[in-house]
Amino acid sequence: MSAGMQPPDGFQLEVKGLDVAYGDCQVLWQAELDVRKGEIVALLGPNGAGKSTLMNTISGLNKPVAGSVTFEGKRIDGLPAHQTVGEGIAHVLERRRLFPFLTVADNVLLGAHNPRARASREETRQRVEALFPLLKARSTQLANSLSGGEQQMVAIARGLMARPKLLMVDEPFLGLSPRMVDEIGTLIKRVRDEEGISVVFIEQNVELALGLADRGFILESGRTILHGPSSELLGSAEVKRIFLGDFAY
Ligand SMILES: Nc1ncnc2c1ncn2[C@@H]1O[C@H](COP(=O)(O)OP(=O)(O)OP(=O)(O)O)[C@@H](O)[C@H]1O
Ligand SMILES: [Mg+2]
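As the structure is a prediction and not an experimental result, all values here were calculated from the model. (Residues numbered from 1 in each chain as written. Chains lettered and ligands numbered in written order. Predicted model: local features only at pLDDT ≥ 70, side-chain atom pairs only at ≥ 80, totals over all residues. Heavy atoms only, no water.)

What follows is about the overall build of the chain. From N to C terminus, the chain includes 11 helices and 10 strands. Its C-alpha atoms give the chain a radius of gyration of 18 Å, near enough to 18 Å, the size a compact globule of 249 residues would have. The dimensions of the chain, computed from C-alpha atoms along their principal axes, are 50 × 45 × 40 Å. Looking at the chain as a whole, 50% of its 249 residues are labelled buried. Considering only contacts within the chain whose residues lie at least 6 apart along the sequence, 68% involve residues at least 24 apart. (Helix = DSSP H or I, 4+ residues; strand = E, 2+ residues; numbered from the N terminus. Rg over C-alpha atoms; globule rule 2.2 N^0.38 Å. Buried < 20%, exposed > 50% of the residue type's maximum accessible area, 1.4 Å probe, protein only. Contact = heavy atoms within 4.5 Å.)

Here you go:
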């Protein structure tokens with residue numbers, strides 16, 4: 001198998017045995033995650049479980065102490081974030097992190113700074129605008145004048161400008177109204193269906209997350225304790241225990 005190819009029936013992204021620590025404090029223990037090409041995968045777990053840490057380690061913002069991250073047949077653990085973008089992984093950080101005093105258009109264009117994306121920036125912009133008509137309508141507005149849901153759309157659009165093969169979004173639904181939650185969910189599906197981009201997203205609401213995702217991975221206290229197809233997880237007593245507490249029975 002040559003570099004860049006993925007094995008038939010294999011995983012596009014495969015995280016195995018990942019240990020991550022902040023200084024002396026270990027927060028991930030043998031964490032696992034895998035994504036097939038074209039899948040939508042939810043990463044679930046209570047506050048402080050290590051969901052963002054896992055995503056940050058995949059994108060190269062954290063370095064693992066042990067374990068491996070393989071993307072399209074290539075080991076990428078330990079690569080810095082600007083290189084994982086070049087490999088085809090875009091990461092939309094928690095709380096969106098837009099530049100508040102830049103326009104919507106400039107925030108979006110900043111996503112295309114890696115050399116691979118820069119060459120086709122104009123074509124990508126048109127494709128991204130077709131997915132998000134809002135971007136064109138609001139292009140000259142400052143980012144901080146948009147609603148939370150609109151800012152989330154800009155953040156996702158900026159991620160897509162990098163021309164990723166895998167889009168990772170940390171809590172895209174956080175603090176949004178039900179109508180905006182629907183809109184962002186629809187957008188995530190279109191990103192997969194129309195662009196063929198795999199998606200991993202973090203969300204704490206089990207029904208919402210598994211209603212959108214093909215499969216889910218559940219982290220508890222830094223360990224991947226359960227994963228499987230969304231329909232199986234939705235019926236699982238273990239999932240109810242983690243998210244509702246034992247008293248629910
Ligand atoms: N930069 C850091 N330095 C030290 N500890 C950190 C750092 N970032 C996170 N932690 C700790 O690591 C653990 C996991 O945090 P993480 O943010 O990955 O969890 P999470 O599942 O994303 O939580 P949330 O749902 O609140 O976003 C927590 O105990 C947190 O306090
Ligand atoms: Mg988090």
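This paragraph deals with the coordination of the magnesium ion (ligand 2). Coordination of the magnesium ion (ligand 2) by the protein is provided by Ser52 (OG) and Glu94 (OE), with metal-donor distances spanning 2.0 to 2.7 Å. On the criterion of sequence distance, the pair formed by Ser52 in helix α1 (residues 51-58) and Glu94 in the loop between β6 (89-92) and α3 (104-109) is long-range, its members being 42 residues apart. On the basis of relative accessible area, Ser52 is assigned to the buried category, the value being 17%. For Glu94, a relative accessible area of 21% translates into the label partly exposed. (Donors = N, O, S within 2.8 Å, 3.2 Å for Na, K, Ca; no water.)

Of the positions making up helix α5 (residues 121-131), those classed as buried are Thr124, Val128, Glu129 and Leu131. Along the long axis of α5, the arc covered by the buried residues comes to 150°, so they all point the same way. Relative to its buried face, α5 has exposed residues pointing more than 90 degrees away, namely Gln126 and Ala130. If you follow the buried residues of α5, they end up packed against α6 (133-137), α7 (148-160) and α8 (178-195). (Arc of directions from axis to C-beta.)

The next point concerns the pairing of strand β10 (residues 223-229). In regular strands, side chains alternate between the two faces of the sheet. Relative to β10, strand β9 (residues 215-220) is paired through six bridges, and the arrangement is antiparallel. Of the residues in β10, the one forming a bridge with Ile218 is Leu226. (Pairing = 2+ DSSP bridges.)

On to the pattern of salt bridges, then. A complete count under the given rule lists 21 salt bridges for this structure. A salt bridge links Glu72 to Lys37; the shortest N-O distance between them is 3.6 Å. Note that Glu72 is positioned in the loop between β4 (66-71) and β5 (74-75) and Lys37 in the loop between β2 (25-35) and β3 (40-44), a separation of 35 residues in sequence. One salt bridge in this structure joins Asp193 and Arg192, with 2.7 Å as the shortest N-O distance. Judged by its relative accessible area of 53%, Asp193 falls in the exposed class. Connected via shared salt-bridge partners are Asp34, Arg36, Glu39 and Arg215. (Salt bridge = Lys/Arg side-chain N within 4 Å of Asp/Glu carboxyl O.)

With that settled, the discussion passes to the sheet that holds β5. The four strands lie next to each other as β2-β1-β4-β5, forming an open sheet whose pairing is antiparallel. At either margin of the open sheet sits one strand with a lone partner, and together these are β2 and β5. Where β4 and β5 come together, two bridges link them in antiparallel fashion. The residue bridging Phe71 from the neighbouring strand is Lys74, located in β5. Most of the contacts of α1 go to strand β1 (residues 13-22), to which it runs at about 115°, and overall it touches β1, β2 and β4. (Axes fitted to C-alpha atoms, helices over the stretch in contact; angles between N-to-C directions.)

Counted by the stated rule, this structure contains one aromatic pair. Between Phe173 and Phe201, the aromatic rings sit 5.9 Å apart at their centres with planes inclined by 90°, giving edge-to-face as the arrangement. Placement of the pair is Phe173 in the loop between β7 (166-169) and α8 and Phe201 in strand β8 (residues 198-202), with a sequence separation of 28 residues. The burial state of Phe173 is the same as that of Phe201; both residues are buried. (Phe/Tyr/Trp six-rings, centres within 6.5 Å; stacked < 30°, edge-to-face > 60°.)

Okay, unusual backbone geometry next. Positioned with a positive phi, Gln30 is a non-glycine residue whose angle comes to about 55°. For Gln30, the location among the structural elements is in strand β2. A positive phi angle, close to 45°, is found at Ser221, a residue other than glycine. Along the chain, Ser221 turns up in the loop between β9 and β10.

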